Amino acid sequence: MEKLPKIALPFIIAAIILFVLIAKSAVTIDSGEAGVLFKTFGEGVVVDEPPMGEGFHIVAPWNKVYIYEVRQQELFEKMKVLSSNGLEIQIDASAWYEPVYNDLGNLHQSLGQNYLQRVIMPSIRSAARSVVGRYTPEQLYSSKRDAIQDEIFEETKKILEKQYVQLNEVLVRDVTLPNTIKEAIERKLRQEQESLEYEFRLVTAEKEAQKQIIEAEGKAKSNKILSASLTDKILQDKGIEATMKLSESPNSKVIVIGSGDSGLPIILGNQ
């Protein structure tokens, strides 16, 4: 019985060593992650095989596994850049990005796990400086926000093309101008709006005046045609017709004493 502990001691030590080796060899990769294998006694980072996927893995205890998040991630960035006329503009932007899954080994070998700080952030800042420098503060404030957003995305994507990173979107959330410049732009926009309203009123008044002139010319033309069509004979007939109608009334007294130069009867009175 006294010899039993001495006999069991090597087995206990072996079990402990085996447990430690298994613990060091077991790798669990969570959802949305992938692993890059580094072979200590081999070729180093494995780049010619797909990365290790989600789940439980056993690797040699002398090798290492570097875990990367392979889901889409978001970067928030505040940048101060210069406009085309040298004024400082602050841009609040965000970028959606993710590592290229099948190139995860190359990403780890060339950039490492802090690839965000090494390539993505400098690329976005460089693209933003380049794009914003093409526009005036007025354009950035009013009508060009969507344009600069698209241009920053395209330029950043071009820079990251061979960096094993996929850029999905760049969003410009806010453009902040110095207060004095912002107020000046707002005054200018109000003045332009008032000028457009004034021009609209002038055009409307001019159209109304033209309408009245056209109507007056039409009436004058109509009267001229009517006057030309009323001959002396027609006027005489109309006078006789009116006299007959008056004479037919029982309460009317009509005295006809002749006719004027036009040949119409002259009515002195009626009752």
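Here goes a summary of the coordinates provided. (Residues numbered from 1 in each chain as written. Predicted model: local features only at pLDDT ≥ 70, side-chain atom pairs only at ≥ 80, totals over all residues. Heavy atoms only, no water.)

A look at the overall build of the protein chain
Along the protein chain, the regular secondary structure elements total 7 helices and 10 strands. For the protein chain, with 271 residues in total, the buried portion stands at 25%. Sequence separation of at least 24 residues holds for 64% of the intrachain contacts in the protein chain that already meet a minimum separation of 6. Accessible surface, the protein chain as shown: approximately 18,500 Å² in total, 56% of it carbon and sulfur. (Helix = DSSP H or I, 4+ residues; strand = E, 2+ residues; numbered from the N terminus. Buried < 20%, exposed > 50% of the residue type's maximum accessible area, 1.4 Å probe, protein only. Contact = heavy atoms within 4.5 Å. Areas by Shrake-Rupley, 256 points an atom, 1.4 Å probe, with all protein chains shown as cover.)

Looking at the side chain of Q149
With respect to the secondary-structure elements, Q149 resides in helix α5 (residues 145-159). Residue class for Q149 comes out buried when judged on its relative accessible area of 16%. Ignoring sequence-local partners within four residues, the contact set of Q149 consists of V170, L171 and V172.

Here's the deal with the nonpolar core
Inside soluble globular proteins, nonpolar side chains tend to come together where they are buried. Within the largest apolar cluster, 38 residues are counted, with the highest numbers of intra-cluster contacts made by I91, Y97, Y115 and I120. Counting only elements with at least two residues in this core, the list comes to β2 (33-39), β6 (73-82), β7 (88-99), α2 (104-110), α3 (115-132), α5 and β8 (165-176). Top contributing element to this core by residue count: α3, with 10 residues. For I91, the residues in contact, after removing those within four places along its chain, are E77, K78, M79, V81, V132, I148, V172 and D174. Within the second largest apolar cluster, 7 residues are counted, among which are V27, L37, V46 and V65. (Core = buried A, V, L, I, M, F, W, Y, C linked by side-chain atoms within 4.5 Å.)

Examining the sheet that holds β6
Ordered by their spatial adjacency, 3 strands build an open sheet running β6-β7-β8, and the pairing between neighbours is antiparallel. With one partner strand each, in any of the chains shown, β6 and β8 form the two edges of the open sheet. Across the sheet, the mean angle separating the axes of adjacent strands is 25 degrees when strand polarity is ignored. Looking at chain direction, β7 and β8 are connected through 10 bridges and run antiparallel. Within β8, the residue paired with Y97 across the bridge is L167. α3 rests against β6, β7 and β8 of the sheet, and its axis sits at about 40 degrees to β6. (Pairing = 2+ DSSP bridges. Axes fitted to C-alpha atoms, helices over the stretch in contact; angles between N-to-C directions.)

Some words on α3
Between its first and last C-alpha, α3 extends 25 Å over 18 residues, near the 26 Å set by a 1.5 Å rise per residue. Along α3, the residues classified as buried are Y115, L116, V119, I120, M121, S123, I124, A127, A128, V131 and V132. (Expected span 1.5 Å × (residues − 1).)

Looking at the pattern of salt bridges
Evaluated as defined, the whole model comprises 6 salt bridges. The salt bridge involving E69 is made with R71; its shortest N-O contact spans 3.4 Å. Between R134 and E155 there is a salt bridge, with the nearest N and O atoms lying 2.1 Å from each other. Pair noted here: R134 is in the loop between α3 and α4 (137-142) and E155 is in helix α5, with a separation of 21 residues, a long-range link. (Salt bridge = Lys/Arg side-chain N within 4 Å of Asp/Glu carboxyl O.)

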